[in-house]
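These are the residues of each chain, in order.
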Amino acid sequence: MSAVSDRLPTFPWDKLEPFKATAAAHPGGIVDLSVGTPVDPVPELIQKALVAAADSPGYPTVWGTPELRDALVGWCERRLGARDFTHRNVLPVVGSKELVAWLPTQLGLGPGDKVAYPRLAYPTYEVGARLARAESVAYEDPTELDPEGLRLLWLNSPSNPTGRVLSQQELTRIVAWAREHGILVFSDECYIELGWEADPVSVLHPEVCGGSSEGIVSVHSLSKRSNLAGYRAAFLAGDSVVLGDLLQIRKHGGMMTSAPTQAAAAAALGDDTHVHEQRERYAARRTALRAALLKHGFRIEHSEASLYLWATRDESCWDTVAHLAALGILVAPGDFYGPAGDRFVRVALTATDERVAEAVKRLS
């Protein structure tokens, strides 16, 4: 057991506990803008779908029901512009974090193999490489990497934590380079429906991939766009050969989404109205927090999409965390996402309207 846990870094959120205690002691209570967990209600049509499928005594399938696969294919074609998709081009997973952490292992990677990810990135990309005993490599531009031994290339657009969006031209160039060198591309696109000052494009868009999903897979989540973090509902879309291999592995491992969750996900993917309504909530919170942070002396970089503001006061991120905690506001230190973030903090938009208004008041 220790041989596995010893490969892993300290769980980053544990480091934030003293600052959380400080923020919680504020007379007006804590405003938690750190983790980014949804706080708004699960849309009623999704709840109804979950309840209607509650009497599910049998085992669910790893591949998902035909209804869920239909919904996944339809959404990919409608929202991402994917062409000629079939059920073999989609695969439900038990939340995107599980997939990210175990993907290198499920792909059979190990010592001598490299896993690359952005230099400012969700820390679980590195965790996945460590679990597989593969080498992790952080990049600024993936096409400048040495392709020797590079087996898995993670893209993340819109980015967590920075909110940066890779343009269609950038994605096209990267996909072409990866294909030239036989490198598998996984693109984390969990925030693709939350563009503010940019319109995020998927690697599965035909103008990026040439109408073929060979060698590329995109990762999507219903946690933020549908408030389903508690349901653990996510999915993969892309190369049918890669997904077919993963399906077999995940069948052996019993990595299946519950039947009620599959029904809820199908309902969520078939409805765009609740997504637009949730976007409006986040847009209003983003506008208020952005203005308050700028007025308070922060500089905000990127942040053109996703659910975060990437902000700095040009000081140690932990000094900024302490400063805001004294105001009862908890944010995430930028070095959680790599050394390049050590002078930034990530401010999540996932708090109620009342708590956001309280944060704005305190920053003013």
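The structure this text deals with has already been given above.
All values derive from a computational prediction rather than experimental measurement.

Q: Where do I start with the side chain of Asn227 in this structure?
A: If you trace the backbone, Asn227 turns up in the loop between β7 (216–221) and β8 (234–238). At 3.1 Å, the side chain of Asn227 forms a polar contact with the backbone oxygen of Pro41. A polar atom in the side chain of Asn227 sits 3.0 Å from the side chain of Gln278. Contact partners of Asn227, with chain neighbours within four places excluded, come to Pro38, Asp40, Pro41, Val42, Leu222, Gln278 and Tyr282.

Q: Where do I start with the pairing of β8 in this structure?
A: Note on strand geometry: in a regular strand, side chains alternate between the two faces of the sheet. Counting buried positions along β8 gives five out of five residues, so the element sits mostly inside the fold. Taking every second residue as pointing to the same face, both faces of β8 are buried, with Ala234, Leu236 and Gly238 on one and Phe235 and Ala237 on the other. Where strand β2 (residues 90–93) lies against β8, four bridges are found, and the strand directions are antiparallel. Paired with Pro92 across the strands is Phe235, a residue of β8. Where β7 and β8 come together, five bridges link them in antiparallel fashion. Within β8, the residue paired with Ser221 across the bridge is Ala234.

Q: What should I look at first to understand the layout of surface pockets in this one?
A: Empty pockets left among the atoms are what a rolling probe the size of a water molecule brings to light. Counted as a void, the largest pocket has a volume near 1100 Å³. In terms of lining residues, the largest pocket is bounded by 42 residues, among which Trp13, Lys97, Tyr122, Pro123 and Thr124 are the most central. If you list the elements that add at least two residues to the lining of the largest pocket, you get α5 (96–106), β3 (114–118) and α6 (124–131). Tallied by class, residues from the lining of the largest pocket come to 23 nonpolar, nine polar and ten charged.

Q: Explanation requested: the nonpolar core in the structure shown.
A: Across soluble globular proteins, you tend to see nonpolar side chains buried next to one another. Counting 59 residues, the largest nonpolar core has Trp154, Phe186 and Leu236 as its most contacted members. In this structure Trp154 touches Leu99, Val100, Leu103, Val115, Ala116, Tyr117, Pro118, Tyr125, Tyr139, Phe186, Asp188 and Val219, once residues within four positions along its chain are discounted. Judged by nonpolar contacts, the second largest core, of 45 residues, contains Val42, Leu171, Val208 and Cys209.

Q: Looking at this model, I keep getting lost on the sheet that holds strand β4 (residues 135–139). Mind explaining?
A: For sheets, the rule is that strands pair by backbone hydrogen bonds, running either parallel or antiparallel. The sheet built from seven strands is open, its strands ordered β2-β8-β7-β6-β5-β3-β4 with mixed pairing. The outermost strands of the open sheet, each flanked by one partner alone, are β2 and β4. For this sheet, the mean angle separating the axes of adjacent strands, direction not counted, is 20 degrees. Two elements, β3 and strand β5 (residues 150–156), share three bridges in a ladder whose sense is parallel. Of the residues in β5, the one forming a bridge with Val115 is Leu152. Of the strands in this sheet, β2, β7 and β8 touch helix α4 (residues 66–80), which is tilted by about 110 degrees from β2.

Q: Would you mind showing me how to read the packing of aromatic side chains here?
A: The description of an aromatic ring pair uses the distance of the two centres, along with the angle that the planes make with each other. Enumeration over the complete set of coordinates arrives at twelve aromatic pairs. Ring geometry for Trp13 against Phe336: centres 5.1 Å apart, planes inclined by 85 degrees, an arrangement best described as edge-to-face. Residue Trp13 is found in the loop between α1 (2–5) and α2 (17–24), and its partner Phe336 is found in the loop between β12 (332–333) and β13 (345–348); the two are separated by 323 residues along the sequence. A relative accessible area of 7% means that Phe336 is categorised as buried. Measuring from centroid to centroid gives 5.1 Å for Trp310 and Phe344, while their planes differ by 5 degrees, and the two rings are stacked. With Trp310 in strand β10 (residues 308–312) and Phe344 in the loop between β12 and β13, this residue pair connects regions lying 34 residues apart in the sequence. The aromatic ring of Trp63 is capped on one face by Arg69, whose charged end is 3.9 Å from the ring centroid.

Q: What is the right way to read unusual backbone geometry from this model?
A: Among all residues save glycine, negative phi is the norm, and among peptide bonds the norm is trans. The omega torsion of the bond from Ser157 to Pro158 falls at -5 degrees, within 30 degrees of zero and hence cis. For Pro158, the position within the fold is in the loop between β5 and α7 (168–180). With a phi angle near 80 degrees, Ser306 is a residue other than glycine that sits in the positive phi range. Among the structural elements, Ser306 can be located in the loop between β9 (299–301) and β10. One non-glycine residue with positive phi stands out, namely Asp314, at about 60 degrees.

Rules used in this analysis
- Residues numbered from 1 in each chain as written.
- Predicted model: local features only at pLDDT ≥ 70, side-chain atom pairs only at ≥ 80, totals over all residues.
- Heavy atoms only, no water.
- Helix = DSSP H or I, 4+ residues; strand = E, 2+ residues; numbered from the N terminus.
- Polar contact = N/O pair within 3.5 Å; in protein donor to acceptor, adjacent residues only side chain to side chain.
- Contact = heavy atoms within 4.5 Å.
- Buried < 20%, exposed > 50% of the residue type's maximum accessible area, 1.4 Å probe, protein only.
- Pairing = 2+ DSSP bridges.
- 1 Å grid on protein atoms, 1.4 Å probe; cavity = no way out; pocket = protein on both sides within 12 Å on 5 of 7 lines; lining within 4 Å.
- Points joined across faces, edges and corners; volume = space filled by probe spheres on them.
- Nonpolar A, V, L, I, M, F, W, Y, C, P; charged D, E, K, R; others polar.
- Core = buried A, V, L, I, M, F, W, Y, C linked by side-chain atoms within 4.5 Å.
- Axes fitted to C-alpha atoms, helices over the stretch in contact; angles between N-to-C directions.
- Phe/Tyr/Trp six-rings, centres within 6.5 Å; stacked < 30°, edge-to-face > 60°.
- Lys NZ or Arg CZ within 6 Å of the ring centre and 35° of its normal.

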